Amino acid sequence: MAVPRFFIIYFQRVTVSNSKSSDTHFFNSFSLVLGLLIFFSIILFGVARSIGAETQGQSVLLEPMRIKDVRQNIAPFAHVAIAGRDNSALAIARAPAGAASAANVPSTGEAAFSQVCSACHTAGINGAPKIGDHAAWGPRIAQGKETLYKDAIGGKGNMPAKGGTTWPDATIRMTVDYMVSLNR
C-alpha cells in the first residue's frame, strides 16, 4: 500500500511545531496565572489588614500585662490614713540599704520618657495627649514651658505628680523638654 506523498508532507508540517510561538504562548499563560495569583494575594492581604486593624488595637490595649504596667505607672504614691481602720497597707516601703536611689534616675529626657511617660502618652491612656498629636499639644505648648513644668511636677488630671516617680524636678523638666521637642 503506497502512501501519497502530499499526506507525508502535511503530516510533517502538523507534527513539527514552531518552538518560538509555543514558548511565547506558555510565557503569556504563565504570566496571566501569576498575575492573577498576585492580585488575589493583595486582595486577601488588604482584607486581613482591615479586619485585624480593629481587633488588634483593642487586644493590645486590653492586654493584662500592659494594663498592670499602666496602673503601676499612674498609681498615686500617697494614700490617706483613716482613723479606726487598719492602715498597715499605707506603710512606706523602704529601699534596701544597699540600693542607691540615684541609680534609678534616668540621665536623659528620652530615657525618662521611655521608662515612665510613654505608657500613657504613646497610646493616649486616661486622656493623656498622644505624642505627635499636634492639635492636642499645640495649646499646651503655647502656655509656655513653665506651665508644662508645673503641671508635670505637681500632677494634672489623671497624671500623678512627677508621673508617679520620685525623680528630682530637673529630671522632670528634662523629660518635658524632650516631649515638647517630639511635638513641634
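Our structure is the block above this text.
Residues numbered from 1 in each chain as written. Predicted model: local features only at pLDDT ≥ 70, side-chain atom pairs only at ≥ 80, totals over all residues. Heavy atoms only, no water.

Asker: What is the right way to read the overall build of the protein from this model?
Answerer: A tally of helices and strands in the protein yields seven helices and zero strands. Its helices and strands taken in sequence order, the protein reads α-α-α-α-α-α-α from the N to the C terminus. With 184 residues in all, the protein has 19% of them scored as buried. Considering only contacts within the protein whose residues lie at least 6 apart along the sequence, 59% involve residues at least 24 apart. With the model as given, the accessible surface of the protein reaches about 14,000 Å², and the carbon-plus-sulfur share is 63%. (Helix = DSSP H or I, 4+ residues; strand = E, 2+ residues; numbered from the N terminus. Buried < 20%, exposed > 50% of the residue type's maximum accessible area, 1.4 Å probe, protein only. Contact = heavy atoms within 4.5 Å. Areas by Shrake-Rupley, 256 points an atom, 1.4 Å probe, with all protein chains shown as cover.)

Asker: I keep staring at the packing of aromatic side chains and nothing clicks. Help me out?
Answerer: Centre-to-centre distance and the angle between the planes together describe a pair of aromatic rings. Overall, the coordinates contain two aromatic pairs when judged by the stated rule. On the basis of an interplanar angle of 20 degrees and a centroid distance of 5.9 Å, the ring pair of F26 and F30 is categorised as stacked. Here F26 and its partner F30 are both found in helix α2 (residues 19-61), four residues apart, which amounts to about one turn of the helix. Look at F26 and you get exposed, because its relative accessible area is 56%. Judged by its relative accessible area of 46%, F30 falls in the partly exposed class. (Phe/Tyr/Trp six-rings, centres within 6.5 Å; stacked < 30°, edge-to-face > 60°.)

Asker: What is the right way to read a nonpolar patch on the surface from this model?
Answerer: Together, F26, F30, L34, I38 and I42 make up a nonpolar patch on the protein surface, roughly 520 Å² of accessible area in all. Looking at the element boundaries, L34 is found in helix α2. (Patch = residues over 30% accessible without salt bridge, like charges linked within 9 Å, V, L, I, M, F, W, Y side chains within 5 Å. Salt bridge = Lys/Arg side-chain N within 4 Å of Asp/Glu carboxyl O.)

Asker: What's the story with the side chain of D151 in this structure? I'm lost.
Answerer: Looking at the secondary structure, you find D151 in helix α6 (residues 145-154). By relative accessible area, which is 15% here, D151 ends up buried. Apart from residues lying up to four places away in sequence, D151 is in contact with K156 and M159.

Asker: Which parts of the structure should I look at to understand the side chain of T171?
Answerer: Inspection of the secondary structure puts T171 in helix α7 (residues 169-182). Residue contacts for T171: discarding those within four places in its chain leaves V105, P106 and A112.

Asker: Hey, could you run me through the nonpolar core in this one?
Answerer: Taken as a class, soluble globular proteins show a tendency for nonpolar side chains to be buried jointly. Ranked by size, the top nonpolar core spans 15 residues in total, and within it W167, I172, V176, M179 and V180 carry the most contacts. For this core, the secondary-structure elements that each account for two or more residues are α4 (109-121), α5 (134-142), α6 and α7. Beyond its immediate stretch of four places on either side in the chain, M179 contacts F113, C117, H121, I131 and W137. Grouped together as the second largest cluster of nonpolar side chains are five residues, V70, A119, C120 and A128 included. (Core = buried A, V, L, I, M, F, W, Y, C linked by side-chain atoms within 4.5 Å.)

Function cannot be inferred from these measures alone, as they are strictly geometric.
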